[in-house]
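For reference, the chains in residue letters:
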Amino acid sequence: MESIGVLMVCPMNSYLEHELEKRFNLFRFWTVPEKSAFLATNKNSIRAVVGNSSAGADAELIEVLPKLEIVASFSVGLDKIDLAKCKEKGIRVTNTPDVLTDDVADLAIGLMLAVLRKLCESDRYVRSGKWKKGDYRLTTKFTGKKVGIIGLGRIGMAVAKRAEAFSCPISYYSRTEKPEIKYKYYPGVVELAANCDILVVACSLTEETLHIINREVIDALGPKGVLINVGRGPHVDEPELVSALVERRLGGAGLDVFEHEPEVPEELFGLDNLVLLPHVGSGTVETRQAMADLVIGNLEAHFLNKPLLTPVV
Amino acid sequence: MNNTCVLVTCPMFTYLEQELETRFNLFKLWDHSSSKAEFFNNYSSSIKAVVGNTKVGADAKLIDSLPNLEIVASYSVGLDKIDLDKCKQRGIKVTNTPDVLTDDVADLAIGLALAVLRKVCVCDQFVRSGNWINGDFGLATKFSGKSVGIVGLGRIGSAIAKRAEAFQCPISYHSRSKKPNTNYKYYLNIVDLAANCEILVVACALTEETHHIVNRKVIDALGPKGFLINIARGAHVDEPELVSALLEGRLGGAGLDVFENEPEPPEQLFALDNVVLVPHVGSDTGETSKAMADLVISNLEAHFKGKPLLTPVI
């Protein structure tokens, strides 16, 4: 398989790069100074693209690779892949579901605890020596707070299961009600937001869910409400979120994703009711290895004409 | 009851002080710090109740100086700052604040574990300093599925276990004796517990027996991939041993809410990114502080009305 050209679109994981190099002819797109020249030269040997949550395979890239057979994403999210174009051209698509579910759900709970109990703020308080001058102020209890989840897929369910152990009543919004689920369903996000203390975004990013968290939802969540985003930055109308936080119309937020990563609105940096993370939802040694193995497993299966492990298209 | 004299030992919670003031003749020990002898001369025989907490309780010296002391109501669940033997000897009642703070302390234990393993505070700082523009953050450690060993399976220990189970963490524990109604694995020896878990959580009461229960041997057994979470008392841990283990990489990391010399934790820890340090905030939420204060008040009222105490220890 060493002659099969695989195009990795951005740096994502050295272990994955090494494993791909052992098996295929790996092209690291980000090291190429003249991208159009590179593509003109190599387009006929590239049969696979490996993307992630930052960069995937848009229509433009797909069009310029006539031998492209498979896009294997090092992510579970598919928003950076033009799925319609792939379907049209019979290009297979795989992602990395399940192996990262625990990590993302853990992080959602970690963000809730860190925001409500002000863990990062109080850690800074200790390290600055301020504790000598006086105790830190009172924070907000987490146990028993109502948690509303947008999107009750694998990750949403994993968040719910964990939050239940803290006696948090769970409610959710999704495209359709799930009758077998005992959690309370709300047919609209605004209604969900009005009836929970902590709102968690855990759905996939599509045209429908773009800016699903808008001014109305933020107002409904209110000055005692907390928003947790472990979905995608574009799920949230970021300027609206920023002004709500700065003006204290929203109680707090735990954010792992932003509209224009790695740029984060600087007005947030001075606020003490937030926790801001650099898109580390699946960023553990254990999980990234499992994701990489799944990407490799899918590519090998494809080129050996075996069933894909985690096909999307 | 307005003329019943109550002594509160240190500032703990304004709401509590206000509520005490409306019901009793309240004396604040810290108002008299420059004239202690005079204060005790004038008032010591009128004081019938002491309200203490984790910082200043009721030691032998204080108890001895109050000949008519009837009750010590602690604004805490921990009793390590109260001379229980002296109280028993004198027939002085003691109450604390169990149950109402169990959830908060257990939440903090899990919050610390997640924050340490997933480097939450380090990442937050990374973003706020603008460093994300220069490259992605490195990889952290997965929490789900890690084995959790709990020292002390009382109310708080059990609440921690219940939460950790939702993350599929196998649970084991060490306590003075095996608990009959649990499926968790029991270790008679704390070193064995530490050797067989990845995250060790201290959740027992501080007594003579549990002083420095987490010592060099335990830390070595926990090892360079192990994590220590302490939401109990600073004195549970041999702090110099802990500090050198962390500095030398012999322990993987720690989440600490308590220290041997509060409010001065060891400054050598401040530069480490595998520790999370919080200022003894285990039960410091608005909701729980009020519930604890209400319990202190209720216990005192019950005592002075000759009714059964709500949460007596002795």
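Residues numbered from 1 in each chain as written. Chains lettered and ligands numbered in written order. Predicted model: local features only at pLDDT ≥ 70, side-chain atom pairs only at ≥ 80, totals over all residues. Heavy atoms only, no water.

Visitor: Is there a simple way to think about the sheet that holds strand β5 (residues 93-95) of chain B in this case?
Guide: Strand pairing within a sheet occurs via backbone hydrogen bonds; the two strands may be parallel or antiparallel. Residues and elements named next belong to chain B. On the basis of which strands lie adjacent, the open sheet formed by five strands has the order β2-β1-β3-β4-β5 and parallel pairing. Of all strands in the sheet, those bounded by a partner on one side alone are β2 (25-28) and β5. The mean angle between the axes of side-by-side strands here comes to 20°, regardless of whether they run parallel or antiparallel. Of the strand pairs in this sheet, strand β1 (residues 5-8) and β2 are connected by four bridges, and their pairing is parallel. By the bridge assignment for β2, L7 is matched with F27. (Pairing = 2+ DSSP bridges. Helix = DSSP H or I, 4+ residues; strand = E, 2+ residues; numbered from the N terminus. Axes fitted to C-alpha atoms, helices over the stretch in contact; angles between N-to-C directions.)

Visitor: Whenever I open this one, the environment of A49 of chain B confuses me. Can you help?
Guide: Residue and element names in this part refer to chain B. Inspection of the secondary structure puts A49 in strand β3 (residues 47-52). In this structure, the C-alpha to C-alpha distance between A49 and N68, residues 19 residues apart in sequence, is 8.6 Å. The contact partners of A49, leaving out residues within four places of it in the chain, are C5, V6, L7, L69, I71, L300 and F304. (Contact = heavy atoms within 4.5 Å.)

Visitor: In this structure, what is going on with the pattern of salt bridges? I would like to understand it.
Guide: When their charged atoms lie close together, side chains carrying opposite charge are able to pair. Counted under the stated rule, the structure contains 42 salt bridges over all chains. Between K89 of chain A and E63 of chain A there is a salt bridge, with the nearest N and O atoms lying 3.6 Å from each other. Highlighted residues: K89 of chain A in helix α4 (residues 83-89) and E63 of chain A in helix α3 (residues 59-63), separated in sequence by 26 residues. What makes K89 of chain A partly exposed here is its relative accessible area of 41%. Notably, a salt bridge pairs D124 of chain B with R128 of chain B, separated by 2.9 Å at the nearest N-O pair. Residue D124 of chain B and its partner R128 of chain B are located together in helix α6 (residues 120-128), separated by four residues, close to a single helical turn. For the pair shown, D124 of chain B and R128 of chain B are each scored as buried. What emerges from the salt-bridge pattern is a single network uniting R215, D219, E240, E247 and R249 of chain A. (Salt bridge = Lys/Arg side-chain N within 4 Å of Asp/Glu carboxyl O. Buried < 20%, exposed > 50% of the residue type's maximum accessible area, 1.4 Å probe, protein only.)

Visitor: So what exactly am I meant to see when it comes to the interface of chain B and chain A here?
Guide: By a widespread convention, an interface's size corresponds to the accessible area lost as its parts come together. Each partner contributes residues to the interface: chain B has 60 residues there, and chain A has 59 residues. Summing both sides of the interface, chain B and chain A together bury roughly 5000 Å²; the carbon and sulfur share of this comes to 60%. Counting the surface chain B buries against chain A, the share from its top three residues, R118, R128 and W132 of chain B, is 17%. The interface formed by chain B and chain A includes nine salt bridges. Applying the counting criterion to the chain B and chain A interface returns 30 residue pairs in polar contact (both at pLDDT 80 or more). (Buried area = accessible area lost by both parts, 1.4 Å probe. Polar contact = N/O pair within 3.5 Å; in protein donor to acceptor, adjacent residues only side chain to side chain.)

Visitor: I tried to follow the UniProt feature "domain: D-isomer specific 2-hydroxyacid dehydrogenase catalytic" (unreviewed entry) in chain A on my own but got confused; where do I start?
Guide: Residues annotated by UniProt as "domain: D-isomer specific 2-hydroxyacid dehydrogenase catalytic" (unreviewed entry) correspond here to residues 14-312 of chain A. Helix makes up 36% of residues 14-312 of chain A and strand makes up 14%, while its end C-alpha atoms are separated by 25 Å. (UniProt positions renumbered as here; feature names shortened; annotations may be inferred.)

Visitor: When you look at the packing of helix α1 (residues 14-23) of chain B against helix α11 (residues 286-304) of chain B in this model, what are you seeing that I'm missing?
Guide: Helix-helix packing is characterised by the crossing angle of the two axes and by the distance between the axes. Residues and elements named next belong to chain B. Where α1 meets α11, the closest approach of the two axes is 9 Å, and the angle between their N-to-C directions is 25°. For the element pair α1 / α11, the angle class is roughly parallel. As for the relative orientation of α1 and α11, their crossing is right-handed in sense. Contacts between α1 and α11 involve Y15, L16, E19, L20 and R23 on the former and, on the latter, K290, A293, D294, V296, I297, L300 and E301. Considered class by class, the residues forming the contact of α1 with α11 number seven nonpolar, no polar and five charged. (Parallel < 35°, antiparallel > 145°, perpendicular 65-115°, else oblique. Left-handed = near helix turned anticlockwise from the far one by under 90°. Nonpolar A, V, L, I, M, F, W, Y, C, P; charged D, E, K, R; others polar.)

Visitor: Teacher, can you tell me more about the nonpolar core here?
Guide: In a soluble, globular protein the nonpolar side chains are often hidden away together inside. If you look at the biggest cluster of nonpolar residues, it comprises 209 residues, and the most contacted ones within it are L227 of chain A together with L228 of chain B. Excluding anything up to four places from it in sequence, L227 of chain A contacts L199, V201, I213, L221, V236, L241, L250, G252, A253, G254 and L255 of chain A. By size, the runner-up hydrophobic cluster in this structure holds 18 residues, among which are I47, A58, I63 and V72 of chain B. (Core = buried A, V, L, I, M, F, W, Y, C linked by side-chain atoms within 4.5 Å.)

Visitor: Whenever I open this one, the packing of aromatic side chains confuses me. Can you help?
Guide: Aromatic rings in a pair are described by how distant their centres are and how their planes are angled relative to each other. Using the criterion set out here, one finds 18 aromatic pairs over all chains in the structure. Seen in terms of ring centroids, F27 of chain A and F38 of chain A are 5.4 Å apart; in terms of plane orientation they differ by 70°. Their pairing is edge-to-face. In this pair, F27 of chain A sits in strand β2 (residues 25-28) while F38 of chain A sits in helix α2 (residues 35-42), placing the two residues eleven residues apart along the sequence. For the pair F27 of chain A and F38 of chain A, one class covers both residues: buried. Ring centres of F143 of chain B and F167 of chain B lie 5.0 Å apart, and the angle between their planes is 70°; on these two criteria the pair is classed as edge-to-face. Taken as a pair, F143 of chain B in the loop between α6 and β6 (148-151) and F167 of chain B in the loop between α7 (155-165) and β7 (171-174) lie far apart in primary sequence, 24 residues in all. The two residues F143 of chain B and F167 of chain B agree in class, both being buried. One aromatic cluster in this structure is built from F27, F39, F40 and Y43 of chain B. Sitting above the plane of the F29 of chain A ring, K35 of chain A keeps its charged end 5.1 Å from the centroid. (Phe/Tyr/Trp six-rings, centres within 6.5 Å; stacked < 30°, edge-to-face > 60°. Lys NZ or Arg CZ within 6 Å of the ring centre and 35° of its normal.)

Visitor: How should I be thinking about the domain arrangement of chain B in this particular structure?
Guide: Residue and element names in this part refer to chain B. Taken as a whole, chain B is organised into domain 1 (5-96 + 286-305) and domain 2 (101-277). In this complex, domain 1 contributes six residues to the contact, which on the side of domain 2 involves six residues. Surface buried jointly by domain 1 and domain 2 totals about 560 Å² across both partners, of which 59% is contributed by carbon and sulfur atoms. Among the residues of domain 1 in contact with domain 2, V77, D80 and T288 are the three that bury the most area, contributing 72% of the side total. Seen at the junction of domain 1 and domain 2, the total is one salt bridge. (Domains from an automatic or database assignment.)

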